[in-house]
Amino acid sequence: MRILYVEDEKYLADAVIHVLEKSGISVDHAADGEEGLSLAVKPTYDAIVLDIMLPKLSGLEILKDVRGRGIKTPIIMLSALSQVEDKIKGLNYGADDYLAKPFKTSELVARLRALVRRPALQDEKIISYGDLYYNLEERSLNDIHLSEKEAALIETLIRNPDHVQSKEFLLAHVWGSDSAGEDNYVEVYISYLRKKLEKLKSNVKIKTIRSLGYKLCLKN
Ligand code: CA
C-alpha cells in the first residue's frame, strides 16, 4: 500500500511516517497544501491522509478540489478534537473517514487498512491468483521472501489480474512520485518476478503487452 500524507508539523509527520513504514505502508509526504494537492491528483495512492490546518491550502480545500475532479482515492481527514465543524464539512465534501488529533498511529494504520481493503476480504493477510498466494504480512510469494519493491509490484498485479497495468502506473505506484524517468526499474523488477514465477513452476505469467504495459494472467 502506498499513501500520501499531507502534514505540516514536522515532528508529528516524522513519527507517524516511521510507524507507517514499519507497518509495511509506503508513504509520500507533503508538508504544505499546494504540494499536497499536486500529489493528491496523481493516480499513485491507495489512500490519502490529509491534515486540515495546512499552510498555503487547507486540507478541506484539497479535499474539495480532488473530489471535484472525480478522483475517488479514499481520504482520511485529521484535525484537532475540538474542530467538530471541520469533521462535518470534511465528511460532506466526500472524505471517507476522520481522525481527531492526537491519535494513535496504530489507529491510523487500522483505518487505512480498513479503507483500502476490499469489502469481501476482511482481515486479509493473503491475496491470491491462480496458484500464487502472496502473504502481505510476511511479504512472501508462495513462501519465497520478496524484496520491498518486488512485493509492492506483485501485490499490485495480483490485485488487478487480467488487466493491463501501464509501466507509468506501476512506476508511480511502487516507486512513488519522485521516480520520473527511471522506467527501466519496472522492466528490471518484472524480470526478477518472472524468474520467481518460473522457479515456482506457477500457472501464472506476467505478459508484456507491447507499448501498453504488463498483465498478470493464467498460462494457456
Ligand atoms: Ca497542521
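Each remark here, short or long, concerns the structure printed above.
Rules behind the numbers
Residues numbered from 1 in each chain as written. Predicted model: local features only at pLDDT ≥ 70, side-chain atom pairs only at ≥ 80, totals over all residues. Heavy atoms only, no water. Core = buried A, V, L, I, M, F, W, Y, C linked by side-chain atoms within 4.5 Å. Buried < 20%, exposed > 50% of the residue type's maximum accessible area, 1.4 Å probe, protein only. Helix = DSSP H or I, 4+ residues; strand = E, 2+ residues; numbered from the N terminus. Pairing = 2+ DSSP bridges. Expected span 1.5 Å × (residues − 1). Axes fitted to C-alpha atoms, helices over the stretch in contact; angles between N-to-C directions. Parallel < 35°, antiparallel > 145°, perpendicular 65-115°, else oblique. Left-handed = near helix turned anticlockwise from the far one by under 90°. Contact = heavy atoms within 4.5 Å.

Quick look at the nonpolar core now. Ranked by internal contacts, the top residues of the largest apolar core, which has 24 residues, are Y134, L141, I158 and I206. Those elements that place two or more of their residues in this core are β6 (126-129), β7 (132-135), α6 (148-159), α7 (167-175), α8 (184-199), β11 (204-209) and β12 (213-218). For this core, the element with the highest residue contribution is α6, accounting for five residues. If you look at the next biggest cluster of nonpolar residues, it comprises 21 residues, including L39, A40, V66 and I75.

Across a regular strand the side chains alternate sides, sitting on one face of the sheet and then on the other. Buried residues dominate strand β5 (residues 97-101), accounting for four of its five residues. For strand β4 (residues 75-80) and β5, the ladder comprises five bridges, and the chain directions are parallel. By the bridge assignment for β5, A80 is matched with K101.

What follows covers α6. Given a rise of 1.5 Å per residue, twelve residues ought to cover 16 Å, and the 17 Å separating the end C-alpha atoms of α6 matches this to within 8%. Summarising burial for α6: nine of the twelve residues are buried, a large majority. For α6, every residue scored as buried is listed here: E150, A151, L153, I154, E155, T156, L157, I158 and R159.

The next thing to look at is the packing of helix α2 (residues 33-40) against helix α3 (residues 59-68). Contact geometry for α2 and α3: axes closest at 10 Å, N-to-C directions at 20 degrees. On the basis of the axis angle, α2 is roughly parallel to α3. α2 and α3 meet at a crossing whose hand is right-handed. Seen from α2, the contacting residues are G33, G36, L37 and A40; seen from α3, they are I62, D65 and V66.

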